[in-house]
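# Inside the fold
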Amino acid sequence: MDEILINIMERIAAKMPELSMLDEDYGQLEMSAEDDSYPVTFPCVLVGNIEADWRDQGLGCQKGAALVTVRLAIDCYDDTHYSSGTYDRVRERRQSDLRLYKALNRFKSAQCATPLVRVKSRDYTLPGFIKVFETTFSFTINDRL
C-alpha cells in the first residue's frame, strides 16, 4: 500500500505544482479547541485513510476492494460574498478541486492495482475559514502473501 500512496502523491505533485503542501493524511486538519493554527500551509492536499476489504483467492493470493481518500484544503480567509468583488475565488477553489480529480481519475497507481475511480465526493468547512474538498477513489488490488 505504501507504493500506491507514494505514487498517488507523486502524481498530484506533478499535476498541481501550485500546492503549498502535499502529505500523507494523519489528521493534520482535525485540530483541538486549544490549537490556534493548523500544522499545514494552504493550499494543501492530504492523501490517506486507505481501507481494503480482502478476499482470499487461493495459492497465497488475495484480492482487495480498496478506497483512498484525498483532501484538498484551502484557506478562504478572503471575503467571497457577491458584493466584495472577490467572489471569483469560489470558482478558483472549485477549479482546483476539478484539477485534482482529473489528475487522479483513471490513474493506475501500481502494477498490482486497477485505475482509481471516484466513488464519493463532498465539501465542508473547518474553523478558521478552511474549505475542504474530499474525494474518495476506489480500486482493486492483488496481493501475494
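First things first, this report covers the structure right here in the doc. (Residues numbered from 1 in each chain as written. Predicted model: local features only at pLDDT ≥ 70, side-chain atom pairs only at ≥ 80, totals over all residues. Heavy atoms only, no water.)

## A short note on the overall build of the protein
- In terms of regular secondary structure, the protein is built from two helices and five strands.
- From first element to last, N terminus to C terminus, the protein shows the α and β order α-β-β-β-α-β-β.
- Counting the 145 residues in the protein, one finds 36% classified as buried.
- Across the protein, the fraction of contacts at a sequence separation of at least 24, relative to all contacts at a separation of at least 6, is 57%.
- In the form shown here, the protein has an accessible surface area of approximately 8,700 Å², with 48% of it arising from carbon and sulfur atoms. (Helix = DSSP H or I, 4+ residues; strand = E, 2+ residues; numbered from the N terminus. Buried < 20%, exposed > 50% of the residue type's maximum accessible area, 1.4 Å probe, protein only. Contact = heavy atoms within 4.5 Å. Areas by Shrake-Rupley, 256 points an atom, 1.4 Å probe, with all protein chains shown as cover.)

## Observations concerning the packing of helix H1 (residues 2–15) against helix H2 (residues 88–104)
- At a closest axis distance of 10 Å, the pairing of H1 and H2 adopts a crossing angle of 130°. What the angle tells us is that H1 and H2 run oblique. Seen from above, H1 lies across H2 with right-handed handedness. When H1 is examined against H2, the residues Ile-8, Arg-11, Ile-12 and Lys-15 are found in contact with a partner set consisting of Leu-100, Ala-103 and Leu-104. (Axes fitted to C-alpha atoms, helices over the stretch in contact; angles between N-to-C directions. Parallel < 35°, antiparallel > 145°, perpendicular 65-115°, else oblique. Left-handed = near helix turned anticlockwise from the far one by under 90°.)

## Observations concerning the environment of Thr-135
- Along the chain, Thr-135 turns up in strand E5 (residues 130–144).
- With relative accessibility at 6%, the residue Thr-135 sits in the buried group.
- Setting aside residues up to four positions removed in sequence, Thr-135 forms contacts with Val-68, Thr-69, Val-70, Asp-97, Arg-118, Lys-120 and Ser-121.

## Focus: unusual backbone geometry
- The omega torsion across Phe-42 and Pro-43 is -5°, close enough to zero to call that bond cis.
- Assignment of secondary structure puts Pro-43 in the loop between strand E1 (21–24) and strand E2 (44–58).
- For Asn-49, which is not glycine, the phi torsion reads 55° and is therefore positive.
- You will see that Phe-129, though not glycine, has its phi angle at about 65°, which is positive.
- Looking at the secondary structure, you find Phe-129 in the loop between strand E4 (117–126) and E5.

## Notes on the pattern of salt bridges
- By the definition in use, this model includes six salt bridges.
- Residue Arg-94 pairs with Asp-123 through a salt bridge whose shortest N-O separation is 3.1 Å. Separated by 29 residues along the polypeptide, Arg-94 in helix H2 and Asp-123 in strand E4 bring together distant segments of the chain.
- By relative accessible area, which is 32% here, Asp-123 ends up partly exposed.
- The partner of Asp-123 in a salt bridge is Lys-131, and the shortest N-O contact between them spans 2.9 Å.
- Within this structure, Asp-25, Glu-30 and Arg-71 form a network of salt bridges that share partners. (Salt bridge = Lys/Arg side-chain N within 4 Å of Asp/Glu carboxyl O.)

## Concerning the environment of Arg-106
- Following the sequence through the fold, Arg-106 ends up in the loop between H2 and E4.
- Look at Arg-106 and you get exposed, because its relative accessible area is 52%.
- Residues Arg-106 and Ala-14, 92 residues apart in the sequence, show an inter-C-alpha distance of 16 Å.
- Aside from chain neighbours lying at most four places away, what touches Arg-106 is Pro-115, Leu-116 and Val-117.

Interpretation in functional terms is not warranted from these geometric data alone.
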